[in-house]
Amino acid sequence: MIYRPKYVEKIMAYADTPFVKILTGVRRCGKSTILKMIMEKLQTEKNIPAERIISCRYDSMEYDDMTASQMYAQLKKQLSSDRKTYLFLDEVQEIPKWEKVVNSLMSDFDVDIYLTGSNSRMMSSEISTYLTGRYVSFRIYTLSFEEYQMFREKYAAVGTPREELMNYVRMGGFPATHLQAYSPDEIYTIVRDIYNSTIFSDIVRRNQIRKIDQLERVVKYIFNNVGNTFSAKSISDYLKAERRSLDNETVYNYLEKLEKAYLIHRCSRYDLQGKEHLKTQEKFYLADTALRYSVLGYNKDSAASSLENIVYLELCRRGYTVNVGKTGDGEIDFVAVQQNEKIYVQVAQEIRSEKTEQREYDRLLEIHDNYPKYVLTTDESAGGNYEGIKTMHIADFLLSTEY
């Protein structure tokens, strides 16, 4: 078990507070392991005895067909009679009306509760009804570039960050794929299993979707168009051209289900002149770049958009709200906002010509404010400033603590 300190420390700050701690994220991103790390911390740093730490994983067959009443009764029996009990409830969304159980436990007993879930149904209106003001949520992502290197160092010789970046793009960051030296094919077999279990368990079965082939065609369209702006109509028109009729409403429904299962992230456009969010031609990014290659196969021509995907996820990990920025006649890849801070980011795999260089810099120069602006590339010569715009190698940006 390789420690992931940024998540553990952030969550531990809320230990023994009257808030339910909710960890969400795509399947196999490491939520369950982080729960184990927190349990260890409670025992080693807070001297909580093991008998006061209760752990249940609700996607186990042991809890198949369990009702909310049964869940409440089972947990109630295990609570300490005179001291606080720490409850770790993994994949809790598998139990219908789990929110009522958690609310009752919080109200009736001295407990500190930690939950995980792989579907944003976890954050639905039901939680608002039963747990308003009584929970804090933590989005867990697959391994960052820094974490990826830390995992790899345990079993392999690791090159410089710039050398390792493209391996990270290709192999992704699902923790299970970096516990030993797997080949790319072995990694994609593991990731394809994660993809299939998410599609069929969290989307098809849960939503009773019958036309699975339609859903998978929508998924493949999204995976093929990472980093491109498109709409539900774009997908619908594409499928019609393939003689696969699918109305816009159904496409929207599929996109929503894929988002709720955390397979994809929606990145809306923001009009920098009109100061408003636009509802058309959004971008979608994947929970991990290895998902794309496990489903479609590896294609080195997709590296540029996968690099953009990686930068997007890193900004999200650091707590930024990220949008595509619309300028007068162009786009800024990312406008990232966190409280009163803002950064602008352009991602270009390589800047091979003066024309490309001018395009990337000119878009940022159109923005007349004093917030930091970056052009990120994989050019070995990347570095320095151009009229206040900082040029960085993508690997250096991913490991930087400055922004």
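Structural data are supplied above this passage.
Keep in mind it's a predicted model, so treat the numbers as computed, not measured.

Glancing now at the overall build of the protein. Helix and strand counts for the protein stand at 15 helices and 13 strands. The globule rule puts the C-alpha radius of gyration for 403 residues at 22 Å, and the 22 Å found for the protein is close to it. For the protein, the proportion of its 403 residues judged to be buried stands at 53%. Restricting to contacts in the protein with at least 6 residues of sequence separation, those with at least 24 account for 67%. If you average the places of the 55 positive and of the 58 negative side-chain charges in the protein, the two averages end up 4 Å apart.

A full pass over the atoms with the stated rule returns 25 salt bridges. Across the pair Glu242 and Arg217 runs a salt bridge whose closest N-O atoms are separated by 3.0 Å. Of this pair, Glu242 sits in the loop between helix H10 (232-241) and helix H11 (248-260) while Arg217 sits in helix H9 (residues 212-224), placing them 25 residues apart in sequence. Its relative accessible area of 35% is what places Glu242 among the partly exposed residues. A relative accessible area of 29% places Arg217 in the partly exposed class. Salt-bridge contacts for Glu259 lead to Arg266; the nearest nitrogen and oxygen are separated by 2.5 Å. Judged by relative accessible area, which is 23%, Glu259 ranks as partly exposed.

This next bit is on helix H6 (residues 145-152). The element H6 is extensively covered by neighbouring structure, given that six of its eight residues are classed as buried. Considered for burial, the residues of H6 that qualify are Phe145, Glu147, Tyr148, Gln149, Phe151 and Arg152. Looking at the buried residues of H6, the elements they touch are helix H1 (5-12), helix H7 (161-171) and helix H15 (394-399).

Right, let's talk about the packing of aromatic side chains for a bit. Summed over the entire model, instances satisfying the criterion amount to 19 aromatic pairs. Note on Phe145 and Tyr148: the rings are 6.2 Å apart at their centroids and 15 degrees apart in plane angle, and the pair reads as stacked. A residue pair is termed a helical-turn pair when its members lie 3 or 4 positions apart in one helix, as Phe145 and Tyr148 do in helix H6 at three residues. In terms of burial, Phe145 and Tyr148 fall into one category: buried.

This brings us to a negative patch on the surface. A surface patch of negative charge is lined by Asp329, Asp362, Glu366 and Glu387. Tracing the backbone through its elements, the reader meets Asp329 in the loop between strand S8 (321-326) and strand S9 (331-338).

In terms of nonpolar packing, the biggest core is built from 91 residues, with Ile222, Leu315 and Phe397 touching the most fellow members. Top contributing element to this core by residue count: helix H8 (residues 184-207), with nine residues. Apart from residues lying up to four places away in sequence, Phe397 is in contact with Val311, Leu315, Arg318, Ile343, Val345, Tyr374, Leu376, Met392 and Tyr403. Cys56, Tyr63, Val92 and Ile113 belong to the second largest nonpolar core, which has 25 residues in total.

For the rest of this paragraph, the subject is the packing of H8 against H9. It is the contact of H8 with H9, at a shortest axis distance of 12 Å, that shows an interaxial angle of 125 degrees. Comparing the axis directions of H8 and H9 gives the class oblique. Here the hand of the crossing between H8 and H9 comes out right-handed. Residue-level inspection shows Tyr195, Ile199, Phe200, Ile203 and Val204 of H8 in contact with H9, the latter providing Ile212, Leu215, Glu216, Val219 and Phe223. Residue composition of the contact of H8 with H9, by class: nine nonpolar, no polar and one charged.

Attention shifts here to the sheet that holds strand S10 (residues 341-347). By definition, the strands of a sheet pair up through backbone hydrogen bonds, in either a parallel or an antiparallel sense. The sheet built from eight strands is open, its strands ordered S7-S6-S8-S9-S10-S11-S13-S12 with mixed pairing. Sheet topology places strand S7 (276-286) and strand S12 (385-386) at the edges, where each strand pairs with a single neighbour. When S9 meets S10, the two strands line up antiparallel, connected through five bridges. The residue bridging Val335 from the neighbouring strand is Tyr344, located in S10.

As for its placement among the helices and strands, Glu164 is situated in helix H7. With no salt bridge to any partner, buried Glu164 finds its closest opposite charge in Arg152, at an N-O distance of 4.2 Å. One polar contact links Glu164 to Tyr148, side chain to side chain, over a distance of 2.9 Å. Apart from residues no more than four positions distant in its own chain, Glu164 is found in contact with Phe145, Tyr148, Gln149, Arg152, Ala157, Val158 and Gly159.

It is worth spelling out the pairing of strand S2 (residues 53-57) at this point. Note: S2 against strand S3 (residues 85-90), five bridges, orientation parallel. For Ile54, the partnering residue across the bridge sits in S3 and is Leu87.

This paragraph deals with the environment of Lys100. Along the chain, Lys100 turns up in helix H4 (residues 98-108). Accessibility expressed as a relative area gives 39% for Lys100, which makes it partly exposed. Between the C-alpha atom of Lys100 and that of Ile187, which follows or precedes it by 87 residues, the distance is 39 Å.

What counts and how
- Residues numbered from 1 in each chain as written.
- Predicted model: local features only at pLDDT ≥ 70, side-chain atom pairs only at ≥ 80, totals over all residues.
- Heavy atoms only, no water.
- Helix = DSSP H or I, 4+ residues; strand = E, 2+ residues; numbered from the N terminus.
- Rg over C-alpha atoms; globule rule 2.2 N^0.38 Å.
- Buried < 20%, exposed > 50% of the residue type's maximum accessible area, 1.4 Å probe, protein only.
- Contact = heavy atoms within 4.5 Å.
- Lys, Arg positive; Asp, Glu negative; His and termini not counted.
- Charge placed at Lys NZ, Arg CZ, Asp CG, Glu CD.
- Salt bridge = Lys/Arg side-chain N within 4 Å of Asp/Glu carboxyl O.
- Phe/Tyr/Trp six-rings, centres within 6.5 Å; stacked < 30°, edge-to-face > 60°.
- Patch = residues over 30% accessible without salt bridge, like charges linked within 9 Å, V, L, I, M, F, W, Y side chains within 5 Å.
- Areas by Shrake-Rupley, 256 points an atom, 1.4 Å probe, with all protein chains shown as cover.
- Core = buried A, V, L, I, M, F, W, Y, C linked by side-chain atoms within 4.5 Å.
- Axes fitted to C-alpha atoms, helices over the stretch in contact; angles between N-to-C directions.
- Parallel < 35°, antiparallel > 145°, perpendicular 65-115°, else oblique.
- Left-handed = near helix turned anticlockwise from the far one by under 90°.
- Nonpolar A, V, L, I, M, F, W, Y, C, P; charged D, E, K, R; others polar.
- Pairing = 2+ DSSP bridges.
- Polar contact = N/O pair within 3.5 Å; in protein donor to acceptor, adjacent residues only side chain to side chain.

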